[in-house]
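Topology and contacts: notes
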Amino acid sequence: MSQNKVTVAAAAVAAVIAVGYPAASWYLGKQIEATHAEIDAKIAAIPYLKLVRHDYQRGLFSADEAITIEIPSSLFRMPTPQEPPADPSAAQPEARPDAPPAAPLPPFRLTMRTAIQHGPLPGFKTFGAGSASTVIEFDEAIQKKIAEAFGGKPALDIQTFYNFQGGGHGTLKSPPFKIIIPSEGKASQAIFSGDGLEMNVEFTRHMQQYLMRGSAPRFELIEPSGPRIAMTGLRMESSQQRMFEDDPLLYSGSQQITLAEISVDPGQEGGPKIGLKEIKYDVQVPAAGEFVDVIARMGATTVQVGEQNYGPANYDFSLKHLHARKLMAINRSLMALYIKPELLQDQ
């Protein structure tokens, strides 16, 4: 082959790449944007979340997305039962019917910012439809406390890879942390700490199926003048398949959660030490048409209370032939009542 022909061939290949790569990157970027739109639709469908802002800026080789989510503060509210008066015969102040109700706490808000690289060579680091890196931001006060708890490191590192079939896999990692919890009326402060966690998710196109695995070595709550609670060896695995095309949250499948050990040392408060070992929680939700069964098994090989071992202990239960759509409707209704308790005040 003559030198001129080689030059012409090389120029032709370069031209194909110069034209073809941007076109491929544009197409793959559009595919990833559609995938993110589906994820956002799932978020919007969750009863206790509100998608208040969504901004997706797609370029030729990359894109940036920012979504802001609100979570009702009532979701984190703990029930506070009223204590009976010390003297039941004492006159109690009458409630004023015209008194204005207490102002509700503002919702908890977070923003997820995702930097996306389009394929077929995203960031020129790998071969695929694309890759993404996500960070989570909170308001200034919460962000400061998170920075203190995680030693200045990001609380979550989220990385996602998209394949050419429309699916992909993602990883979520969290570093070790230590949170100081103020104790009212006590000189000492409680400390909640952990050795971090890691989760891996594999998903198919349109999130029709996904497999999630996660683990966390240790969580511990210590109150210097009180109890010490430790949990070690947490592992979880979930395999799910969507039941209906028109319901993005309704899945069937299985879920397993295991713990190597939970220990409770009452410390100066007194009482027996409590220890549970090899704890397992297994739920199977097989589907047949529009109906599901719920089969749950819970157990521990060791249930130690002081010197006495009551293990092994197991508890199983099942619910058969439940209509999946009605079950999901009930779940949404109950969640709506929980996050908006004022709906029950007039009942």
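Look up: the structure comes first, before these words.
Residues numbered from 1 in each chain as written. Predicted model: local features only at pLDDT ≥ 70, side-chain atom pairs only at ≥ 80, totals over all residues. Heavy atoms only, no water.

Across its full length, the chain carries 3 helices and 17 strands. Burial status across the chain gives 29% buried among its 347 residues. By sequence separation, contacts in the chain at least 24 residues apart represent 55% of the contacts at least 6 residues apart. Put simply, the chain shows about 22,300 Å² of open surface, and 60% of that area lies on carbon and sulfur atoms. (Helix = DSSP H or I, 4+ residues; strand = E, 2+ residues; numbered from the N terminus. Buried < 20%, exposed > 50% of the residue type's maximum accessible area, 1.4 Å probe, protein only. Contact = heavy atoms within 4.5 Å. Areas by Shrake-Rupley, 256 points an atom, 1.4 Å probe, with all protein chains shown as cover.)

A word on the environment of Pro 175. Relative to the helices and strands, Pro 175 is located in the loop between β6 (168–174) and β7 (177–181). Of the residues examined, Pro 175 reaches a relative accessible area of 17% and is grouped as buried. Taking the C-alpha atoms as reference, Pro 175 lies 4.5 Å from Gly 196; in sequence the two are 21 residues apart.

Between a side-chain oxygen at the N-terminus of helix α2 (residues 140–149) and the backbone nitrogen of Ala 141 the separation is 3.2 Å; the capping residue is Asp 139. Just past α2, the residue Gly 151 takes up positive phi, approximately 65 degrees. (Polar contact = N/O pair within 3.5 Å; in protein donor to acceptor, adjacent residues only side chain to side chain.)

A separate point is unusual backbone geometry. Backbone torsion omega between Gly 119 and Pro 120 reads 5 degrees, so that peptide bond is classified as cis. The topology assignment puts Pro 120 in the loop between β3 (108–118) and β4 (130–137). The amide bond that connects Gly 311 to the next residue, Pro 312, takes the cis arrangement and shows omega of -5 degrees. In this structure, Pro 312 sits in the loop between β16 (308–309) and β17 (313–323). Even without being glycine, Glu 278 reaches a positive phi, approximately 50 degrees. Since its relative accessible area comes to 53%, Glu 278 is described here as exposed.

For the rest of this paragraph, the subject is the pairing of strand β10 (residues 209–222). Alignment of strand β8 (residues 190–194) against β10, held across 4 bridges, turns out to be antiparallel. Each bridged residue has a counterpart across the sheet, and for Phe 192 the counterpart in β10 is Leu 221. Pairing between strand β9 (residues 197–203) and β10: 6 bridges, direction antiparallel. Residue pairing for β10: Asn 200 is matched across the bridge by Arg 213. (Pairing = 2+ DSSP bridges.)

This next bit is on the side chain of Ser 252. Counting through the fold element by element, Ser 252 comes out in strand β12 (residues 251–265). For Ser 252, a relative accessible area of 12% corresponds to the buried category.

This paragraph deals with the pattern of salt bridges. Counting across every chain of the model gives 11 salt bridges. Asp 195 is the partner of Arg 218 in a salt bridge, and the nearest nitrogen-oxygen pair spans 3.0 Å. With Arg 218 in strand β10 and Asp 195 in the loop between β8 and β9, the pair connects residues that are 23 residues apart, well separated along the chain. Classification of Asp 195 as partly exposed rests on a relative accessible area of 36%. Of the charged contacts in the structure, one is a salt bridge between Asp 246 and Arg 325, with a shortest N-O distance of 3.2 Å. With Asp 246 in the loop between β11 (228–242) and β12 and Arg 325 in helix α3 (residues 324–339), this residue pair connects regions lying 79 residues apart in the sequence. According to the relative accessible area criterion, Asp 246 is exposed, its value standing at 58%. Taken together, the shared-partner salt bridges connect Asp 195, Arg 218, Glu 220 and Arg 228 into one network. (Salt bridge = Lys/Arg side-chain N within 4 Å of Asp/Glu carboxyl O.)

With that settled, consider the environment of Met 231. Mapped onto the elements, Met 231 comes out in strand β11. Sequence spacing of Met 231 and Ile 262 is 31 residues, and the spatial spacing of their C-alpha atoms is 4.5 Å. If near-sequence neighbours (up to four positions away) are discounted, Met 231 is found in contact with Pro 217, Arg 218, Phe 219, Leu 259, Glu 261 and Ile 262.

Summed over the entire model, instances satisfying the criterion amount to 11 aromatic pairs. When the centroid spacing of 5.3 Å and the interplanar angle of 70 degrees are considered together, the rings of Tyr 210 and Tyr 251 count as edge-to-face. Placement of Tyr 210 in strand β10 and of Tyr 251 in strand β12 is noted, with a sequence separation of 41 residues between them. Above the ring of Phe 244, the side-chain terminus of Arg 325 is found at 3.9 Å from the ring centroid. (Phe/Tyr/Trp six-rings, centres within 6.5 Å; stacked < 30°, edge-to-face > 60°. Lys NZ or Arg CZ within 6 Å of the ring centre and 35° of its normal.)

Purely spatial values, then, with no claim about function.
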